[in-house]
Amino acid sequence: MATTNPMPRLPAGFLWGVSTSAHQIEGAADERGPSVWDVFTAEPGRVRDGSTAAVACDHVHRHREDVALLADLGVDAYRFSVSWPRVRAEGGLDFYDRLVDDLLAAGVRPVPTLFHWDLPADLDWLERDTAERFAEHVARVVARLGDRVTKWITLNEPAEHTLLGHALGVHAPGRTLLFDALPVAHHQLLAHGLAVRALRAAGTFDIGIANSHGPTWPASDDEADVAAADFYDTLLNRLFADPLLLGRYPEGIGGLMPGDVEADLKIIAEPIDWYGINYYAPTRVGAPQGGEIEFGGVRMPAELPFSVREIAGHPVTGFGWPVVPEALTEVLTVFADRYGDRLPPVVVTENGCAYDGLDDTDRITYLDGHVRALHRAVEAGVDVRGYFVWSLLDNFEWAEGYGRRFGLVHVDFDTQRRTPKASYGWYRALLREQRG
Ligand code: FCB
């Protein structure tokens, strides 16, 4: 259970929100073009329960009900994503236009993410040109919504999209390129930088990115384990953050990237106004174990220079992820130490857990612990300005299908009925209390 000690107050002006993404909730797949995720989920064996996101939460047709849930929850902000394939479809931007109007009328600030993994099926992040196409997409969206939307997120978790989608093949587009997937990272970073320029050209000034980060703990003090953990830490915590915040790749990586890397880094390091961190759990990493391993449903080939290990001694979520709130304090303080004054204010753009049931006290315990952990980072001097729970609704959890329920609101996928869970009530009460 959540502790009964009063929750400490976060600073005035702190932004409380919830997050979703287009492909995971929108449905209405026949009202837009295909994305790489539609192609991927149509292939047998890709998604655990064989499902697709063709209907998902049918949010495109039910967004008014969902906006009412947000208003009743009392969040300051709603992070959603704009589907690039929908924007390209005739009238596709009309949906976001209505959504933004309805959010503002309900007193909820819209915070769109411009890319959350649902790449149009005819595009490919291995191609540099995709970065330029993305900048055009961004310019179109901001031209339509920029009179009302003031806070923007360029990309969601390019690290996962690279690693799971292009290196290990468990997410769309299902490639297994291992380290040959690195150009996908570079092109997404370039896309981010070009998007920042497009947003600035349209006069916006509140721009961030949502990257996944988490502490990487070595499996032991052995040199080989420490080196493997360092390597993993570089991939997860520095491969994207160093170019964005320092204008350079971690040692040894720049040479593996395509094109005129030095010139691109100038674009990639365009200043941003805040840095989004998605945090779920830490990772324990050791030296390779001499064969393929399976961890958390992900098959990792023997060639990888590290192996992911179990974290014992902590409760786990319904997804099997360890619940370690203090690791959120760790990731925030380590990040602030690592980047110093190069780090703009931070927003936790995702945090949450998968559990079944409407009386989801485990989720309350998880969220309560993580908000307290965030507060400890603020007390330690980290400038954290917001916190977004993943997710408003149960939704299509990528390769896991509908079996992992991250929502504060339960969705019955047969009837589309929404039912707030106990955690929704908890978050609502927390927000009221925080505002005094
Ligand atoms: C993050 C994704 C988000 C959701 C959560 C559980 O990696 O950004 O879409 O799937 O994990």
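Here the structure is a predicted model, which is why all the values come from computation and not from measurement.

### Remarks on the UniProt feature "active site" (unreviewed entry) in the protein
Argument step 1. UniProt records the feature "active site" (unreviewed entry) at Glu157 and Glu350, using the numbering of this structure. These residues run over 194 residues, yet every pair of their C-alpha atoms falls within 10.3 Å of each other.
Argument step 2. The residue Glu157 is located in the loop between β4 (151-156) and α7 (158-167) in this model.
Argument step 3. When residues no more than four places from it in sequence are discounted, the contact partners of Glu157 are Trp117, Ala210, Asn211, Ser212, Asn278, Tyr280 and Glu350.
Argument step 4. Its location among the elements puts Glu350 in strand β12 (residues 346-350).

### Side note on the layout of surface pockets
Argument step 1. Taken as a whole, the second largest pocket spans an internal volume of roughly 190 Å³.
Argument step 2. As for the second largest pocket, its lining consists of 15 residues, and the residues nearest its centre are Pro215, Thr216, Asp233, Asn237 and Arg338.
Argument step 3. Mapped onto the lining of the second largest pocket, the elements with two or more residues apiece are β6 (216-218), α9 (223-238) and α12 (326-339).
Argument step 4. Classifying every residue of the lining of the second largest pocket by side-chain character gives eight nonpolar, three polar and four charged.

### A closer look at the packing of helix α8 (residues 182-201) against helix α11 (residues 261-268)
Argument step 1. It is at 8 Å that the axes of α8 and α11 come closest, and there the two elements cross at 45°. Here α8 lies oblique to α11, going by the angle between them. Of the two elements, α8 crosses α11, and the hand of that crossing is left-handed. Across the interface between the two elements, His186, Leu189, Leu190, His192, Gly193, Leu194 and Arg197 of α8 pack against Val261, Asp264, Lys266, Ile267 and Ile268 of α11.
Argument step 2. Residue classes in the contact of α8 with α11 are distributed as six nonpolar, three polar and three charged.

### Here's the deal with the site of the ligand
Argument step 1. With respect to spatial proximity, the complete set of residues near the ligand consists of Gln24, His116, Trp117, Asn156, Glu157, Tyr280, Glu350, Trp390, Glu397, Trp398 and Phe406.
Argument step 2. Between Asn156 and the ligand, the recorded distance is 2.9 Å, taken from a side-chain N or O atom to an oxygen atom.
Argument step 3. Between an oxygen atom of the ligand and a side-chain N or O atom of Trp398, the distance comes to 2.9 Å.
Argument step 4. Relative to its unbound accessible surface of 300 Å², the ligand loses 94% to contact with the protein.
Argument step 5. Classifying every residue of the shell around the ligand by side-chain character gives five nonpolar, three polar and three charged.

### Comments concerning the pairing of strand β2 (residues 77-81)
Argument step 1. Counting buried residues along β2, five of its five residues qualify, which places the element largely inside the surrounding structure.
Argument step 2. Of the two faces of β2, the one carrying Ala77, Arg79 and Ser81 and the one carrying Tyr78 and Phe80 are both buried.
Argument step 3. Strand direction decides the pairing type here: strand β1 (residues 15-19) and β2, joined by three bridges, are parallel. Residue pairing across strands places Ser19 opposite Arg79, the latter belonging to β2.
Argument step 4. For β2 and strand β3 (residues 109-115), the ladder comprises five bridges, and the chain directions are parallel. Bridging across to β3, Ser81 finds its partner in Thr113.

Rules used in this analysis
Residues numbered from 1 in each chain as written. Predicted model: local features only at pLDDT ≥ 70, side-chain atom pairs only at ≥ 80, totals over all residues. Heavy atoms only, no water. UniProt positions renumbered as here; feature names shortened; annotations may be inferred. Helix = DSSP H or I, 4+ residues; strand = E, 2+ residues; numbered from the N terminus. Contact = heavy atoms within 4.5 Å. 1 Å grid on protein atoms, 1.4 Å probe; cavity = no way out; pocket = protein on both sides within 12 Å on 5 of 7 lines; lining within 4 Å. Points joined across faces, edges and corners; volume = space filled by probe spheres on them. Nonpolar A, V, L, I, M, F, W, Y, C, P; charged D, E, K, R; others polar. Axes fitted to C-alpha atoms, helices over the stretch in contact; angles between N-to-C directions. Parallel < 35°, antiparallel > 145°, perpendicular 65-115°, else oblique. Left-handed = near helix turned anticlockwise from the far one by under 90°. Near = heavy atom within 4 Å. Polar contact = N/O pair within 3.5 Å; in protein donor to acceptor, adjacent residues only side chain to side chain. Areas by Shrake-Rupley, 256 points an atom, 1.4 Å probe, with all protein chains shown as cover. Buried < 20%, exposed > 50% of the residue type's maximum accessible area, 1.4 Å probe, protein only. Pairing = 2+ DSSP bridges.

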